[in-house]
Amino acid sequence: TWTPFFVLPGLETPTPEVTDSPLATRTPVPAAGAGCLNPNATIDSPIPGAILAGEVEVRGTANVENFAFYKVEISTLGENWLPVITSQRDENNVTHPVVKGVLGKWDTRLQEPGSYALRLVVIDSAGEFPEPCTIPITIVEPAPPTPTP
């Protein structure tokens, strides 16, 4: 880590102190995914190893006992999970489980191209959740539109 400092004109520039910190490591995800054996908390699409571009529909099941809400997150390194989809509330401010349906749409153009882990976390009313369903994905730049003659 480093400490920010101000440099005023005419004054000597201090040398920032750098401390050793653990290096970030890639989020380990088996090629077939992990934690996706629970039929009540699983991603059906995209499939593990999918190459994604543009807007993507994420499908699956989020239906644990005493369901509260779900979220779909991505990560490149360690535990820095970023939500990309969260369960939506209806007109009565209630979230509903999803069974083999659309969890949400996600615009992958909001992330840099590269390898990611995508996971579904389904939370119950006590704040508990089964092991998240986590799959490896790759985001690429969308292909440019084909010019029409």
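In what follows, the structure referred to is the one given above.
What you see is a predicted model; the values in this text were computed from it and never measured.

Asker: Just checking my understanding: could you explain the pattern of salt bridges for this structure?
Answerer: Two side chains with opposite charge may pair up if their charged atoms get near one another. A full pass over the atoms with the stated rule returns 5 salt bridges. Measuring nitrogen to oxygen at the nearest pair gives 3.4 Å for the salt bridge that ties E57 to R59. On the basis of relative accessibility, which here comes to 34%, the residue E57 falls in the partly exposed class. In this structure, E73 engages R119 in a salt bridge whose closest nitrogen and oxygen atoms are separated by 2.7 Å. Of this pair, E73 sits in strand β4 (residues 67-75) while R119 sits in strand β7 (residues 114-124), and the two are 46 residues apart along the sequence. It is possible to trace a salt-bridge network through shared partners that takes in K71, E73 and R119.

Asker: I tried to follow the pairing of β4 on my own but got confused; where do I start?
Answerer: The two faces of a sheet get side chains in turn, since along a regular strand they alternate between them. Two strands pair when backbone bridges link them, and β4 and β7 are joined in this way by 8 bridges, in the antiparallel orientation. When the bridges of β7 are listed, K71 appears paired with V121. Examined bridge by bridge, β4 and strand β5 (residues 82-86) share 4 bridges and lie antiparallel to one another. Note on β5: the bridge partner recorded for E73 is P83.

About the thresholds
- Residues numbered from 1 in each chain as written.
- Predicted model: local features only at pLDDT ≥ 70, side-chain atom pairs only at ≥ 80, totals over all residues.
- Heavy atoms only, no water.
- Salt bridge = Lys/Arg side-chain N within 4 Å of Asp/Glu carboxyl O.
- Buried < 20%, exposed > 50% of the residue type's maximum accessible area, 1.4 Å probe, protein only.
- Helix = DSSP H or I, 4+ residues; strand = E, 2+ residues; numbered from the N terminus.
- Pairing = 2+ DSSP bridges.

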